[in-house]
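Here is how the chains run, residue by residue.
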Amino acid sequence: GVLRMRQMAVAHAYQTCGIGRKIVRAVEELAESQGYRLLLLDAREPALPFYKRLGYAITSETFIKAHIPHREMQKQLGQATHSQPLTGAPFWPV
């Protein structure tokens, strides 16, 4: 199945502390455990390097959402192992 992650953000003061990575990995682990194989998201352009480091690929041209430039990104789940299983993050099926 396909899952779309929406509205994930970490307060600026806490960025680069690993919180965002842990949130995304938790969503991936939970989604994969429930049979989802593709995770989609709309990333703000400044966040593209963050998601690329986590294995996401850009799948669209730039578009404006809430007056902010975004690109759609996706990741096939089940292709990489994570150092620790994380669970409990909420998510919503597409």
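In this report, we go over the structure that sits alongside the text.

Conventions used here
- Residues numbered from 1 in each chain as written.
- Predicted model: local features only at pLDDT ≥ 70, side-chain atom pairs only at ≥ 80, totals over all residues.
- Heavy atoms only, no water.
- Phe/Tyr/Trp six-rings, centres within 6.5 Å; stacked < 30°, edge-to-face > 60°.
- Buried < 20%, exposed > 50% of the residue type's maximum accessible area, 1.4 Å probe, protein only.
- Core = buried A, V, L, I, M, F, W, Y, C linked by side-chain atoms within 4.5 Å.
- Helix = DSSP H or I, 4+ residues; strand = E, 2+ residues; numbered from the N terminus.
- Contact = heavy atoms within 4.5 Å.
- Salt bridge = Lys/Arg side-chain N within 4 Å of Asp/Glu carboxyl O.

1. Section: the packing of aromatic side chains
Moving on, step 1. For the structure shown, the criterion picks out two aromatic pairs.
Moving on, step 2. The interplanar angle of 75° and the centroid separation of 4.9 Å between the aromatic rings of Phe 50 and Tyr 51 together place this pair among those described as edge-to-face.
Moving on, step 3. With a centroid separation of 5.7 Å and an interplanar angle of 80°, the aromatic rings of Tyr 51 and Tyr 56 are classed as edge-to-face. Across the pair, exposure class does not vary: Tyr 51 and Tyr 56 are buried alike.

2. Some remarks on the nonpolar core
Moving on, step 1. Counting residues in each nonpolar core, the largest one holds 16 residues, and the members touching the most others are Met 5, Leu 39, Leu 41, Tyr 51, Tyr 56 and Met 73.
Moving on, step 2. The set of elements that each furnish at least two residues to this core consists of β1 (2–5), α1 (19–33), β2 (38–44) and α2 (48–53).
Moving on, step 3. Excluding residues that lie within four positions of it along the chain, Tyr 56 makes contacts with Met 5, Val 24, Glu 28, Leu 39, Leu 41, Tyr 51, Met 73, Gln 74 and Lys 75.

3. A word on the pattern of salt bridges
Moving on, step 1. Applying the stated criterion across every chain yields a total of five salt bridges.
Moving on, step 2. For Glu 72, the salt bridge is made with Arg 4, and the minimal N-O distance between the two is 2.7 Å. You can see Glu 72 sitting in strand β5 (residues 68–76) and its partner Arg 4 sitting in strand β1, a full 68 residues away along the chain.
Moving on, step 3. Judged by relative accessible area, which is 15%, Arg 4 ranks as buried.
Moving on, step 4. Lys 75 serves as the salt-bridge partner of Glu 28, at 3.2 Å between the closest nitrogen and oxygen. Here Lys 75 lies in strand β5 and Glu 28 lies in helix α1, a separation of 47 residues in the sequence.
Moving on, step 5. According to the relative accessible area criterion, Glu 28 is buried, its value standing at 0%.

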